[in-house]
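Spelled out from the first residue to the last, the chains are:
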Amino acid sequence: MSISALATRILAETGNPSSPGVQTVPDSVVTPGWIGFLAIFGVALATVFLIVDMTRRVRRTRYRGEVREQIEAEREEAARAAAGLDDELRGETDDSGSSR
């Protein structure tokens, strides 16, 4: 017996679910009820809290990076200003070493 013949035979034996011989189960028996509602509500609530927490963490990390860049720029500017002052101090004396 081939696989397709076997599958056809099995499907023919299961019958049509809309036939009058099939028992129907009331919806109140199959619904999850309050326990299911509370479980899904808990999962949804936990998801919202996780999303809010992750948003805060990402924002905080981004701000820290921006502050680090700002501090680095200020340090570079201060180093350039200090180098400029050194150049000015060196420029006040002439080549012979005496002051102007």
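Every value quoted in this text rests on a predicted model; they were computed, and no experiment measured them.

### Points about the overall build of the protein
Phase 1: The number of helices and strands found in the protein is 3 helices and 0 strands.
Phase 2: Walking the protein from its N terminus toward its C terminus, one meets helices and strands in the order α-α-α.
Phase 3: Across the 100 residues of the protein, 1% fall into the buried class.

### With respect to the packing of aromatic side chains
Phase 1: What the rule picks out here adds up to 2 aromatic pairs.
Phase 2: With 6.1 Å between their ring centres and 20° between their planes, Phe-37 and Phe-41 make a pair best called stacked. With Phe-37 and Phe-41 both in helix α3 (residues 33-91) and 4 residues apart, this pair spans about one turn of that helix.
Phase 3: Taken together, the ring pairs connect Trp-34, Phe-37 and Phe-41 into an aromatic cluster.

### A word on a positive patch on the surface
Phase 1: Together, Arg-56, Arg-59, Arg-60, Arg-62, Arg-64 and Arg-68 line one region of the surface with positive charge.
Phase 2: Assignment of secondary structure puts Arg-59 in helix α3.
Phase 3: Judged by its relative accessible area of 36%, Arg-59 falls in the partly exposed class.

### Focus: the pattern of salt bridges
Phase 1: By the definition in use, this model includes 2 salt bridges.
Phase 2: In this structure, the salt-bridge partner of Arg-57 is Asp-53, at a minimum N-O distance of 2.9 Å. Of the two residues, Arg-57 and Asp-53 both sit in helix α3, 4 residues apart, roughly one turn of that helix.
Phase 3: Look at Arg-57 and you get partly exposed, because its relative accessible area is 46%.
Phase 4: Given the relative accessible area of 32%, Asp-53 is considered partly exposed.
Phase 5: With its nearest N and O atoms 3.8 Å apart, the salt bridge here joins Glu-76 to Arg-80. Linking Glu-76 with Arg-80, this pair stays in helix α3, spanning 4 residues, or about one helical turn.
Phase 6: Overall, the relative accessible area of 41% leaves Glu-76 in the partly exposed class.

Thresholds, definitions, all that
Residues numbered from 1 in each chain as written. Predicted model: local features only at pLDDT ≥ 70, side-chain atom pairs only at ≥ 80, totals over all residues. Heavy atoms only, no water. Helix = DSSP H or I, 4+ residues; strand = E, 2+ residues; numbered from the N terminus. Buried < 20%, exposed > 50% of the residue type's maximum accessible area, 1.4 Å probe, protein only. Phe/Tyr/Trp six-rings, centres within 6.5 Å; stacked < 30°, edge-to-face > 60°. Patch = residues over 30% accessible without salt bridge, like charges linked within 9 Å, V, L, I, M, F, W, Y side chains within 5 Å. Areas by Shrake-Rupley, 256 points an atom, 1.4 Å probe, with all protein chains shown as cover. Salt bridge = Lys/Arg side-chain N within 4 Å of Asp/Glu carboxyl O. Lys, Arg positive; Asp, Glu negative; His and termini not counted. Charge placed at Lys NZ, Arg CZ, Asp CG, Glu CD.

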